[in-house]
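# Structural features, examined
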Amino acid sequence: KDLAFTEIKNKLIRTSVLLAQKESFDKRLIIPIVRKLIIVAASDGKIEKSELNAIYKFAKAFDFSKQDMVLL
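Residues numbered from 1 in each chain as written. Predicted model: local features only at pLDDT ≥ 70, side-chain atom pairs only at ≥ 80, totals over all residues. Heavy atoms only, no water.

A separate point is the layout of surface pockets. By volume, the largest pocket amounts to about 330 Å³. If you go around the largest pocket, you meet 14 residues; those closest to its centre are Lys9, Ile13, Glu51, Ala54 and Ile55. Listed by contribution, the elements that provide at least two residues to the lining of the largest pocket are helix H1 (2-22), helix H2 (27-42) and helix H3 (49-60). Among the elements that take part in the lining of the largest pocket, H1 stands out by supplying six residues, more than any other. For the lining of the largest pocket, the residue count by class is 10 nonpolar, two polar and two charged. (1 Å grid on protein atoms, 1.4 Å probe; cavity = no way out; pocket = protein on both sides within 12 Å on 5 of 7 lines; lining within 4 Å. Points joined across faces, edges and corners; volume = space filled by probe spheres on them. Helix = DSSP H or I, 4+ residues; strand = E, 2+ residues; numbered from the N terminus. Nonpolar A, V, L, I, M, F, W, Y, C, P; charged D, E, K, R; others polar.)

This is how it looks when you write it as structure tokens:
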């Protein structure tokens, strides 16, 4: 069950990256998206490690480092 969820999550991340790349999004356009993803993750009062990992997988495709994530 967890494996199926992980596979679905990874597929969604890959699809999101591919769509953003297809539209020629660069880091300048990705920053507001990553900020909004962090806000959504924090909307329940805490950000889970799995949420941060998913956001980072997306952001990493656009040359974000973990330091960049901390700054956001």
